[in-house]
Amino acid sequence: MASFRIRLTLLGSAAALTAGALVPAQLAGAQPAAAASYDWVALGDSYTAGVIPAAGDVFEYPRDGCERTDQSYPQVIDRDLGSLIELTNVSCGAATIQDVTFRAQEPIGRHLPPLSEDPDYPFPPVPPQSEAVRPGTDVITVGVGGNSLGFADILLKCLELGGGSGGVGTPCREELAASIPGRLTKVGKEYGEMLAKLHEKAPHARILAVGYPTIVPADTSKCDYNDLHQFLSITRGDLDWLRRDVLEPLNRTIEKSAGAHGSADFVDLYDSTRNHSVCDAGKWVEGVFDHDNRPALVHPNAKGHRNAADHVASAILNAIEPR
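Please read these numbers as outputs of a predicted model, since none were measured by experiment. (Residues numbered from 1 in each chain as written. Predicted model: local features only at pLDDT ≥ 70, side-chain atom pairs only at ≥ 80, totals over all residues. Heavy atoms only, no water.)

Description of the sheet that holds strand S5 (residues 264-267)
Pairing within the open sheet is parallel, and its five strands lie in the order S2-S1-S3-S4-S5. Lying at the two open borders of the sheet, with one neighbouring strand each, are strand S2 (85-89) and S5. Geometrically, the sheet is characterised by an average inter-axis angle of 20° between neighbouring strands, direction not taken into account. By the bridge criterion, five bridges tie strand S1 (residues 38-44) to strand S3 (residues 139-143) in an arrangement that is parallel. Bridge pairing in S3 links Ala 42 to Thr 141. Where helix H3 (residues 73-81) meets the sheet, it contacts S1, S2 and strand S4 (206-210), and its direction lies at approximately 165° from that of S2. (Pairing = 2+ DSSP bridges. Helix = DSSP H or I, 4+ residues; strand = E, 2+ residues; numbered from the N terminus. Axes fitted to C-alpha atoms, helices over the stretch in contact; angles between N-to-C directions. Contact = heavy atoms within 4.5 Å.)

Here we look at the nonpolar core
Counting residues in each nonpolar core, the largest one holds 51 residues, and the members touching the most others are Tyr 191, Met 194, Phe 231, Trp 241 and Leu 242. Elements that contribute at least two residues to this core include exactly S1, helix H4 (97-101), S3, helix H6 (151-165), helix H7 (171-176), helix H8 (180-201), S4 and helix H9 (236-259). Considering each element in turn, this core owes the most residues, eight residues, to H9. (Core = buried A, V, L, I, M, F, W, Y, C linked by side-chain atoms within 4.5 Å. Buried < 20%, exposed > 50% of the residue type's maximum accessible area, 1.4 Å probe, protein only.)

Structural notes on the packing of H8 against H9
Remark: H8 packs on H9, axes separated minimally by 9 Å, with the N-to-C direction vectors making an angle of 25°. By the angle between their axes, H8 is roughly parallel relative to H9. As H8 runs across H9, the sense of the crossing is right-handed. Across the interface between the two elements, Ile 180, Leu 184, Val 187, Gly 188, Tyr 191, Gly 192 and Leu 195 from H8 touch Trp 241, Asp 245, Val 246, Pro 249, Leu 250, Thr 253, Ile 254, Ser 257 and Ala 258 from H9. When grouped by side-chain class, the residues that make up the contact of H8 with H9 number 11 nonpolar, four polar and one charged. (Parallel < 35°, antiparallel > 145°, perpendicular 65-115°, else oblique. Left-handed = near helix turned anticlockwise from the far one by under 90°. Nonpolar A, V, L, I, M, F, W, Y, C, P; charged D, E, K, R; others polar.)

Concerning the packing of H6 against H9
Look at H6 against H9: their axes get within 13 Å of each other, and the N-to-C directions meet at 165°. Overall, the two elements H6 and H9 adopt an arrangement that is roughly antiparallel. Of the two possible hands of crossing, H6 and H9 adopt the one that is right-handed. Residues Phe 151, Ile 154 and Cys 158 of H6 form the contact with H9, whose participating residues are Trp 241, Leu 242, Val 246 and Leu 247. Considered class by class, the residues forming the contact of H6 with H9 number seven nonpolar, no polar and no charged.

Topic: the state of the cysteines
All chains considered together, the criterion is met by three disulfides. With its sulfur 2.0 Å from that of its partner, Cys 158 forms a disulfide with Cys 172. Disulfide Cys 158 to Cys 172: torsion about the S-S bond roughly -80°, handedness left-handed. Within this pair, whereas Cys 158 is found in helix H6, its partner Cys 172 is found in helix H7, the two being separated by 14 residues in sequence. Assessed through its relative accessible area of 0%, Cys 158 is described here as buried. Classification of Cys 172 as buried rests on a relative accessible area of 0%. Each sulfur in the disulfide pair Cys 223 and Cys 279 lies 2.1 Å from the other. Judged by the sign of its S-S torsion, about 110°, the bond between Cys 223 and Cys 279 is right-handed. On the criterion of sequence distance, the pair formed by Cys 223 in the loop between S4 and H9 and Cys 279 in the loop between S5 and helix H10 (302-320) is long-range, its members being 56 residues apart. Cys 223 sits in the buried class, given a relative accessible area of 3%. For the protein chain, numbering the cysteines in disulfides from first to last along the sequence yields the connectivity 1-2, 3-4, 5-6. (Disulfide = S-S within 2.5 Å.)

And the structure:
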């Protein structure tokens, strides 16, 4: 997104000029002007943290099990915006809305038996992510909700039922459809409580509620049954149901919650990723396994995080630029 990069240049120049104007005349030649710095806290689940090898390398040692990777969108933005922002990234794989709001989380790292065993598992609990927010925080980004919906469990159940159906029908929809409205209602309630808590902790911060990208294409004929780099044994009928009745409503629930709070804005990643689903040739979300046959469990790769970084960075600049 060239537009956000141009705005970044202009904003950075303006900040530098402002800082220079505040330096006393006798010191003006003694030190360079410093750009203004804004405090940004990144909260969220694995779609923020990165987690999978296709989203880069884990960069924090000793590991805490949250699996923040160096190509995840908070880290990409941190490099893009440089001294303009000060990032605190406490996103964590498998986080729920309650883990962000008030509950200590026990991270799982990459311990996903029988797919993978993590030699450092189990990990000590990490504090509720909201504890990283301070009264002086300027911007909060939060990407969460899928785990509160139970999307990973839904996905696994669809894999199991699809494997028994031979790729025919909608066995997952038939078993789980009745539970989805209640799950979405729960997400909406908890999301609203989370936004209220974040606003209470940082009353002057702009909160950016980051949605989820396109995972399932509108045309599921692109998806091959039993392709481990796509959705493996989930039937096409169930993929249509997941897109229409689970994933798209999840984004709408998050957008509605953000719209109900004056301090929050919704950052849409869905439209920009429509042609980059798990089943597209230029995928920005990996399938059950990535192209190197490593477990990915339907998570964004580095390209997906680069796209998210462009959209979230633009929203951050909108939040901090003078109005």
